[in-house]
Amino acid sequence: RTAGVAAPVQPLRGYAIDARVTDPFAAPATSLIVDPYHLYVTRVDNETVRFSCYGELVPVGHREPTASLRRRLRALVEHALPDADDWCDWRDADVWTGDRPFTPDGLPLVGPARGVDGLWLNVGHGLNGWRESVLTARRVGALIDGEPGPAYADAWAPGRFGS
């Protein structure tokens, strides 16, 4: 904002529970998705399992998580994985939230900012930030070096929203 560039990025808040594994042999050894609920179960390490499911778009600066979504995640774990009590302490764990930067079309803004020479954007990756960050960073480096990029990278152009 201080450079005068408006980037249409809004937080998508995700909800998660990180629980202590109480029976490492009964707990899932790898990550999995419980369908049809789209409940994600991630084995973070030998001692921790994470439950996550959905997100909500929140205004920039909105701090307070939605209590009903906290309750919903707990109810979903209880319904979809009735044996989770046998291998972790999820009922005693806190529900935490994390905001992910999203653009209106879900694609990142990668490239030169309009109207500010020398400012390059690489933001708004949403849920795919870790997965896409290396690819988009390479794209920014190639653009700075004046190299043409693959055609699909045009979909990331910051100017597509007039920014």
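Throughout, residues of each chain are indexed from 1 in the direction in which the sequence is written. Per-residue local features of the predicted model are confined to residues with pLDDT of at least 70, and side-chain atom pairs are confined, for both listing and counting, to 80 or more; whole-chain, interface and lining totals are unaffected and use all residues. Only hydrogens and water are set aside; all other atoms, that is, all heavy atoms of the structure, feed into the side-chain values.

**Considerations on helix α1 (residues 67-80)**
For an α-helix the count is 3.6 residues per turn, leaving residues at separations of three or four pointing the same way.
Then comes step 1: Over its 14 residues, α1 runs 20 Å from end to end, which matches the ideal 20 Å to within 8%, given 1.5 Å per residue.
Then comes step 2: Each residue is assigned to one of three classes by its accessible area relative to the maximum for its type, calculated with a 1.4 Å probe on protein chains only: buried under 20%, partly exposed between the two thresholds, exposed over 50%. Runs of H or I in DSSP of at least four residues are treated as helices and runs of E of at least two as strands, each being numbered from the N terminus. Residues of α1 that are buried include every one of L69, L73, L76, V77 and A80, and no others. Angularly, the buried residues of α1 cover 95° about the axis, an arc narrow enough to put them on a single face. Relative to its buried face, α1 has exposed residues pointing more than 90 degrees away, namely R71 and H79.
Then comes step 3: By definition, residues are in contact when any of their heavy atoms lie within 4.5 Å. Check the buried side of α1 and you find it contacts β1 (10-20), β2 (32-34), β3 (39-43), β4 (48-57) and β5 (95-102). Expected span, for any helix, means 1.5 Å times one less than how many residues it has. Throughout, the arc means that of the directions going from the helix axis to the C-beta atoms.

**Regarding the nonpolar core**
Then comes step 1: Within this scheme, the nonpolar core is defined by two criteria: the residues are buried Ala, Val, Leu, Ile, Met, Phe, Trp, Tyr or Cys, and they are joined through side-chain atoms within 4.5 Å. Among the nonpolar cores identified, the biggest contains 24 residues, and L39, F51 and L73 are the most heavily contacted of them.
Then comes step 2: Looking at this core, the elements with two or more residues in it are β1, β3, β4 and α1.
Then comes step 3: Considering each element in turn, this core owes the most residues, 5 residues, to α1.

**Some thoughts on the pattern of salt bridges**
Then comes step 1: Just to be clear on terms, a salt bridge is a Lys or Arg side-chain nitrogen sitting within 4 Å of an Asp or Glu carboxyl oxygen. Evaluation of the coordinates by the stated rule reveals 6 salt bridges.
Then comes step 2: Residue D85 pairs with R91 through a salt bridge whose shortest N-O separation is 2.9 Å.
Then comes step 3: On the basis of relative accessible area, R91 is assigned to the partly exposed category, the value being 43%.
Then comes step 4: Taking the shortest distance from any N to any O, the salt bridge between D105 and R160 comes out at 2.8 Å. Here D105, found in the loop between β5 and β6 (109-112), pairs with R160, found in the segment after α2 (129-144); they are 55 residues apart in sequence, far enough to count as distant.
Then comes step 5: One network of salt bridges, with partners in common, ties together E78, D85 and R91.

**Focus on unusual backbone geometry**
Then comes step 1: Here the residue pair D35 and P36 is connected by a cis peptide bond, since its omega of 5° sits within 30 degrees of zero.
Then comes step 2: The topology assignment puts P36 in the loop between β2 and β3.
Then comes step 3: Not every positive phi belongs to a glycine, and H38 is a case in point at roughly 55°.
Then comes step 4: Considering the arrangement of structural elements, one finds H38 in the loop between β2 and β3.

**Details of the sheet that holds β4**
Then comes step 1: When DSSP locates at least two bridges between a pair of strands, those strands are taken to pair. Pairing is antiparallel across the open sheet formed by 5 strands, whose spatial order is β2-β3-β4-β1-β5. A single partner strand is all that each edge strand has here, and the edge strands are β2 and β5. With direction set aside, neighbouring strand axes in the sheet form an average angle of 30°.
Then comes step 2: Contacting β1, β2, β3, β4 and β5, α1 crosses the sheet at an angle of about 130° to β4. Lines fitted to C-alpha atoms define the axes here, with helix axes fitted over just the stretch in contact, and angles between the N-to-C directions of these axes take values from 0 to 180 degrees.

**Some points on the layout of surface pockets**
Then comes step 1: Space inside the largest pocket adds up to approximately 640 Å³.
Then comes step 2: Method remark: on a 1 Å grid restricted to protein atoms, a set of points is classed as a cavity if a 1.4 Å probe fits but cannot get out and as a pocket if it is open with protein on both sides within 12 Å along at least five of seven lines; lining residues have an atom within 4 Å of a point. Lining of the largest pocket is provided by 23 residues; of these, Y40, R50, S52, R100 and L127 occupy positions nearest its centre.
Then comes step 3: A total of 5 residues in the lining of the largest pocket trace back to one element, the largest contributor, which is β4. Grid points are joined across faces, edges and corners, and a volume is the space filled by probe spheres set on the points.

**Some points on the packing of aromatic side chains**
Remark: the centre distance and the inter-plane angle together describe each pair of aromatic rings, the angle taken between the planes.
Then comes step 1: Only the six-membered ring of Trp is used, alongside the rings of Phe and Tyr, when aromatic pairs are assigned; centres must lie within 6.5 Å, and planes under 30 degrees apart are stacked while those over 60 apart are edge-to-face, with the rest tilted. For the structure shown, the criterion picks out 2 aromatic pairs.
Then comes step 2: Each ring, one from Y15 and one from Y54, has its centre 6.0 Å from the other, and the planes form 35°; the classification is tilted. Taken together, the positions of Y15 in strand β1 and Y54 in strand β4 put the pair 39 residues apart, joining distant regions of the chain.
Then comes step 3: With relative accessibility at 1%, the residue Y15 sits in the buried group.
Then comes step 4: An angle of 35° between the planes, with centres 6.0 Å apart, marks the rings of F51 and W87 as tilted. A residue pair is termed long-range when its members are at least 10 positions apart, and F51 in strand β4 and W87 in the loop between α1 and β5 qualify at 36 residues.
Then comes step 5: For W87, a relative accessible area of 3% gives the class buried.
Then comes step 6: Counted as over-ring charges are cases with an Arg CZ or a Lys NZ within 6 Å of the ring centre that also lie within 35 degrees of the ring normal. A cation sits over an aromatic face here: R72 above Y54, 4.4 Å from the ring centre.

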